[in-house]
Amino acid sequence: MPWYLYLALKQLFPSGRRFPFFTAISVTGVALGVAVLIVVTSVMSGFEWGIRQMMVDTEGEVQVQARLPMDATGEILQRIRTTPGVAAATPFVKGFVMAMADNRPTFPTFRGIDLASVESVANLKRYMRAGSLDDLDDDSVVLSSILARSLGAYPGDQIEIYSPLLIQKLKSDEVFLPRRMRVVGLFEVGHQQLDSSTIYGTLRTGQEIFGLGRAVHGVDVRIKPDANEEAVAAQLNNVLPPGVRAMTWMETWDDFLWALHLEKRINFFLLLIIVLVAAFSVMSSLLIAVVRKTREIGLLSALGARTRDVALCFCAQAFIVGLAGTVLGLVFGFAVLAVRNEIVHGIARLLHREETLRELYQFSDLPSHPLASDIVLTIVFSIVFSTLAGLIPAWRAARLKPVEALRHE
Amino acid sequence: MSEAVLTAQQLRKDYLSGDRRIEVLRGVDLAVTAGESVSIRGESGSGKSTLLNLLAGLDAPDGGSLAWAGAAARAERRAAFLGMVFQAFYLIPEIDALANVLMAARMVRSPGVAERARAKELMARVGLAERATHLPGQLSGGERQRVAVARALMNSPKLLLADEPTGNLDEHTGDAVIDLLLSLCRETGTALVLVTHNAAYAQKTGRQLFLREGLLH
Ligand SMILES: Nc1ncnc2c1ncn2[C@@H]1O[C@H](COP(=O)(O)OP(=O)(O)O)[C@@H](O)[C@H]1O
Ligand SMILES: [Mg+2]
């Protein structure tokens with residue numbers, strides 16, 4: 001081991017019983033920054049992962065959509081189902097409606113699903129909170145949970161659904177009566193926006209509401225477990241007629257995912273400031289060390305040390321602190337993630353806010369999905385910042401003239 | 001005549017203090033041969049430390065030339081060529097006595113079994129075999145200076161430069177350190193340049209010089 005590395009280690013962790021106080025503070029600073037980054041990015045990715053999971057669960061990996069309603073449903077479905085990599089497909093209709101109960105209007109999205117085939121694509125049952133999907137028929141609907149609350153309509157109640165065609169009919173002096181539907185279930189995917197604005201009904205109900213006849217708006221596709229969603233989407237686009245396009249769920253939700261990612265990146269860079277501050281604390285304690293040890297630096301020159309190696313001795317200290325802090329931060333961060341729910345529930349219980357937590361944030365458990373890319377980025381930033389923090393102290397040490405350093409009081 | 005270990009010719013050193021130029025060394029000539037011991041005395045502020053630092057290559061002279069064993073003095077050669085002992089002991093406080101001695105070896109190469117054995121032997125030779133694992137803070141002044149002597153001799157240097165090594169020690173301890181220094185240098189054939197105030201110590205060296213008005217007499 002070169003002497004500067006040996007001495008760097010010894011100055012950080014002196015022999016004997018002395019507790020390395022400066023080192024501990026610097027390392028803790030870096031560790032805290034790293035731990036916070038790991039916890040926050042993992043939880044945010046956990047939310048994102050949950051949403052992705054939910055999207056794929058309810059709509060399949062690939063969606064086939066057309067600019068105009070698709071007429072030749074049977075033939076298109078046939079083509080889709082025989083495309084390699086496709087496991088199942090189910091047609092749907094989708095559009096805005098007005099729903100009313102007790103004169104309270106709402107404007108949710110109505111999704112008409114094909115009861116015969118929907119189960120092969122979407123795992124909707126997993127998200128049912130009350131009632132059953134099996135009870136759904138042409139005269140009934142399933143409401144998403146927040147929508148149900150704002151309508152004040154629960155299983156057994158009746159609601160009225162007004163079609164957008166109403167307006168057109170009015171122009172030709174026709175009267176188009178709203179449909180009375182029975183609520184047979186509540187649905188909750190755990191996402192505020194979706195849970196406040198979706199109604200599920202049968203495909204036939206949807207076709208009637210939107211005046212489609214036998215046409216549909218699109219087809220949800222479930223791919224085989226070993227298939228690649230982009231490859232399947234590309235294959236489908238080869239066989240589908242013009243004007244009909246297959247998109248992966250990532251393309252469908254592009255804006256949404258982009259916003260989610262942006263939010264995560266912003267958080268990452270804001271929290272990176274903690275690591276930056278920690279790096280400054282590494283720098284200041286090393287600068288103090290350079291002053292405190294000026295005479296020893298002079299001695300090292302007298303022993304024959306090269307200037308470059310003296311500088312490296314301080315760079316190495318910064319690097320070691322960065323490395324130790326990063327490792328400690330990773331351990332600490334993952335430990336916090338492991339007991340995250342105990343922590344959250346503990347705090348909520350302490351504040352008597354467990355209900356609020358569930359209602360406001362719609363989770364009873366905090367998700368976590370650490371991504372390798374986030375972890376690598378965290379490690380790289382914290383080690384690079386800490387090592388850079390060593391440059392100024394190293395430069396100060398290297399600049400000392402041996403004779404003046406030895407004379408230093 | 002035996003080989004020259006150190007040859008200094010017309011060494012000059014000036015310091016600027018404000019806008020006044022102080023000529024500390026005005027052309028010092030000094031030749032030290034192998035195994036020889038030389039003492040330098042002089043009043044406080046006469047430039048003894050300045051001269052020793054120039055001889056060690058720690059500072060650049062404003063004029064003159066310096067050779068170590070006949071070749072130009074270069075910083076890379078210092079670790080293997082010479083050892084230094086100072087008034088303040090300058091031990092590294094974070095590592096134990098033995099590790100401080102080994103520190104000199106580390107400047108040349110990563111220490112192996114041979115270096116460790118030699119460091120232990122030197123610790124024994126300076127009478128500190130039992131204190132090898134003590135930190136500098138746990139040693140007395142005299143003990144610290146003896147560790148510094150062992151460190152200075154670690155790389156079997158040709159030359160040892162000692163700058164008032166007894167300045168921080170009481171008389172009794174100082175005597176012991178000087179005797180140790182002289183006998184070790186004699187045993188190992190190391191040339192010694194000893195800066196001291198003490199006439200009695202100077203008498204023990206082979207050649208006594210005085211630094212006065214920037215010149216060696
Ligand atoms: N870095 C410096 N700047 C200005 N003057 C210095 C410096 N170093 C030493 N001197 C001056 O040089 C003279 C010789 O100093 P020094 O060699 O330490 O003397 P000695 O060791 O004989 O007591 C003193 O007058 C001192 O003030
Ligand atoms: Mg002096």
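Residues numbered from 1 in each chain as written. Chains lettered and ligands numbered in written order. Predicted model: local features only at pLDDT ≥ 70, side-chain atom pairs only at ≥ 80, totals over all residues. Heavy atoms only, no water.

Asks: A description of the overall build of chain A should follow, citing residues and the corresponding values.
Replies: Counting its secondary structure elements, chain A contains 18 helices and twelve strands. Relative to the globule expectation of 22 Å for 409 residues, the C-alpha radius of gyration of chain A, 31 Å, shows a markedly less compact shape. Taking the principal axes of the C-alpha coordinates as reference, chain A spans close to 105 × 55 × 35 Å. A buried classification covers 49% of the 409 residues belonging to chain A. (Helix = DSSP H or I, 4+ residues; strand = E, 2+ residues; numbered from the N terminus. Rg over C-alpha atoms; globule rule 2.2 N^0.38 Å. Buried < 20%, exposed > 50% of the residue type's maximum accessible area, 1.4 Å probe, protein only.)

Asks: Describe the pattern of salt bridges, with residues and values.
Replies: Residue and element names in this part refer to chain A. Evaluation of the coordinates by the stated rule reveals 29 salt bridges over all chains. In this structure, R52 engages E48 in a salt bridge whose closest nitrogen and oxygen atoms are separated by 2.9 Å. One end of the pair, R52, and the other, E48, are both in helix α2 (residues 21–59), four residues apart, so they sit about a helical turn from each other. Here the two residues R52 and E48 agree in accessibility, since each one is buried. The residue D137 makes a salt bridge to R182 at a minimum N-O spacing of 3.8 Å. Of this pair, D137 sits in the loop between β6 (128–131) and β7 (140–144) while R182 sits in strand β9 (residues 179–187), and the two are 45 residues apart along the sequence. Of the residues examined, D137 reaches a relative accessible area of 31% and is grouped as partly exposed. Overall, the relative accessible area of 34% leaves R182 in the partly exposed class. When salt bridges that share partners are traced, they join E59, R111 and D220 into one network. (Salt bridge = Lys/Arg side-chain N within 4 Å of Asp/Glu carboxyl O.)

Asks: With reference to specific residues and values, describe the domain arrangement of chain A.
Replies: Residues and elements named next belong to chain A. When the domains of chain A are assigned, the result is domain 1 (3–51 + 256–406) and domain 2 (73–240). In this complex, domain 1 contributes four residues to the contact, which on the side of domain 2 involves six residues. Buried surface at the junction of domain 1 and domain 2, both sides included, amounts to about 360 Å², of which 44% is carbon and sulfur. At the boundary of domain 1 with domain 2, the tally comes to zero salt bridges. Applying the counting rule to domain 1 against domain 2 returns zero residue pairs in polar contact (both at pLDDT 80 or more). (Domains from an automatic or database assignment. Contact = heavy atoms within 4.5 Å. Buried area = accessible area lost by both parts, 1.4 Å probe. Polar contact = N/O pair within 3.5 Å; in protein donor to acceptor, adjacent residues only side chain to side chain.)

Asks: Lay out the pairing of strand β1 (residues 4–17) of chain B with the relevant residues and their values.
Replies: Side chains on a regular strand alternate between the two faces of the sheet. Residues and elements named next belong to chain B. As judged from the eleven bridges shared by β1 and strand β2 (residues 20–33), these two strands associate in the antiparallel manner. The residue of β2 that forms the bridge with R12 is R26. Remark: two residues form the turn of the hairpin made by β1 and β2, two consecutive strands paired antiparallel; G18 in that turn has positive phi of roughly 65°. Sheet topology note: the β1/strand β4 (residues 63–68) ladder contains five bridges and is antiparallel. Note on β4: the bridge partner recorded for R12 is G63. (Pairing = 2+ DSSP bridges.)

Asks: Help me get a handle on helix α1 (residues 48–55) of chain B, residues and values and all.
Replies: All names here are of chain B. In terms of burial, α1 is a largely internal element, seven of the eight residues being buried. Of the positions making up α1, those classed as buried are K48, T50, L51, L52, N53, L54 and L55. One or two residues past the end of α1 sits G57, with phi positive at roughly 75°.

Asks: So what's going on with the site of ligand 1? Residues and values would help.
Replies: Near ligand 1 you find R407 of chain A together with Y15, V24, E43, S44, G45, S46, G47, K48, S49 and T50 of chain B, and these make up its full shell. Here K48 of chain B contributes a backbone N or O atom positioned 2.8 Å from an oxygen atom of ligand 1. A distance of 2.6 Å separates an oxygen atom of ligand 1 from a polar atom in the side chain of T50 of chain B. Its free accessible area being 570 Å², ligand 1 has 71% of it covered by the protein chains. Per element, the largest residue contribution to the shell around ligand 1 is three residues, and it comes from α1 of chain B. The class makeup of the residues in the shell around ligand 1 is two nonpolar, six polar and three charged. (Near = heavy atom within 4 Å. Areas by Shrake-Rupley, 256 points an atom, 1.4 Å probe, with all protein chains shown as cover. Nonpolar A, V, L, I, M, F, W, Y, C, P; charged D, E, K, R; others polar.)

Asks: A description of the environment of A318 of chain A should follow, citing residues and the corresponding values.
Replies: Tracing the backbone shows A318 of chain A in helix α13 (residues 307–338). Separated by 295 residues in the primary sequence, A318 of chain A and T23 of chain A place their C-alpha atoms 9.8 Å from one another.

Asks: I'd like to hear about the interface of chain A and chain B, residue by residue, with values.
Replies: In this complex, chain A contributes 25 residues to the contact, which on the side of chain B involves 23 residues. Interface area, chain A with chain B, both sides summed: about 2,300 Å², of which 63% is carbon and sulfur. On the surface where chain A and chain B come into contact, there are one salt bridge. The interface formed by chain A and chain B includes four residue pairs in polar contact (both at pLDDT 80 or more). When contributions to the side of chain A that touches chain B are tallied by element, the ones reaching two or more residues are α1 (3–12), α12 (294–302) and α18 (402–407) of chain A. The greatest single-element share of the side of chain A that touches chain B, amounting to six residues, is contributed by α12 of chain A.

Asks: Explain the nonpolar core residue by residue, including any values.
Replies: Soluble globular proteins tend to bury their nonpolar side chains together. By size, the foremost hydrophobic cluster in this structure holds 124 residues, and its most contacted members are W3 of chain A together with L55, M103, L159, L160 and L161 of chain B. Once you skip the residues sitting within four places of it in the chain, L55 of chain B turns out to touch L6, A8, L11, L30, L66, W68, L82 and L161 of chain B. (Core = buried A, V, L, I, M, F, W, Y, C linked by side-chain atoms within 4.5 Å.)

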